[in-house]
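Structural overview
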Amino acid sequence: MLSTSVNAAADPRECEVCMKVMQDVRDSMDKADWKDKPKVEKALGDHCAKDTLSARERKICYYVDPIKRDVAQPFSLGMPVDRLCKRINKTNQEICSVKFPVKTENLEKQDLSKLRVKQLKSILLDRGVECKGCVEKEEFIAKVQETEHLAGNDEF
């Protein structure tokens, strides 16, 4: 049990979209306003109203909007974004499950063979593809290459 929690904490992609959104909100604010909860809530709302957000960033905004006040509290205390996202993930387990897609368009077969099967499965999952009957790593690599055209689709 301990090893799974250690692995989850070590995953660099965990909460990556949440951390980007929270860092963007923090960067858009004056440092003096970080401690003012209503200003933090307004900054969150203003950031989420932007048209330039990716689909995954909009999804985080959708999850965070109802709990803005809960987000503003640790945010106003100056909590680092990684810890902030892990804290609000306790309220909604889906917050840290949102990840940016893995870019594979420039990867050759040799580069894909360096990835672990778990990472290849994650790429396929992000694309909405299931590799039925895949057992060997080479089969997963072939499926990732076959579904390359699905990689650029960032809309839900």
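Structure report, in brief.

1. Considerations on the overall build of the chain
Helix and strand content of the chain: 9 helices and 0 strands. For the chain, the succession of helices and strands along the chain, N to C, is α-α-α-α-α-α-α-α-α. Counting every position in the chain, which comprises 156 residues, the buried fraction comes to 37%. Long-range pairs, those at least 24 residues apart, make up 62% of the contacts in the chain with a sequence separation of at least 6. In the form shown here, the chain has an accessible surface area of approximately 9900 Å², with 52% of it arising from carbon and sulfur atoms.

2. Some remarks on the state of the cysteines
One pass over the structure, following the stated rule, counts 4 disulfides. Disulfide partner of Cys48: Cys61, at an S-S distance of 2.1 Å. A torsion of -80 degrees about the S-S bond marks the disulfide between Cys48 and Cys61 as left-handed. Taken as a pair, Cys48 in helix 3 (residues 37-48) and Cys61 in helix 4 (residues 55-64) lie far apart in primary sequence, 13 residues in all. Between the sulfur atoms of Cys131 and its disulfide partner Cys134 the distance amounts to 1.5 Å. Torsion about the S-S bond of the Cys131 and Cys134 cystine: about -40 degrees, corresponding to left-handed handedness.

What counts as what
- Residues numbered from 1 in each chain as written.
- Predicted model: local features only at pLDDT ≥ 70, side-chain atom pairs only at ≥ 80, totals over all residues.
- Heavy atoms only, no water.
- Helix = DSSP H or I, 4+ residues; strand = E, 2+ residues; numbered from the N terminus.
- Buried < 20%, exposed > 50% of the residue type's maximum accessible area, 1.4 Å probe, protein only.
- Contact = heavy atoms within 4.5 Å.
- Areas by Shrake-Rupley, 256 points an atom, 1.4 Å probe, with all protein chains shown as cover.
- Disulfide = S-S within 2.5 Å.

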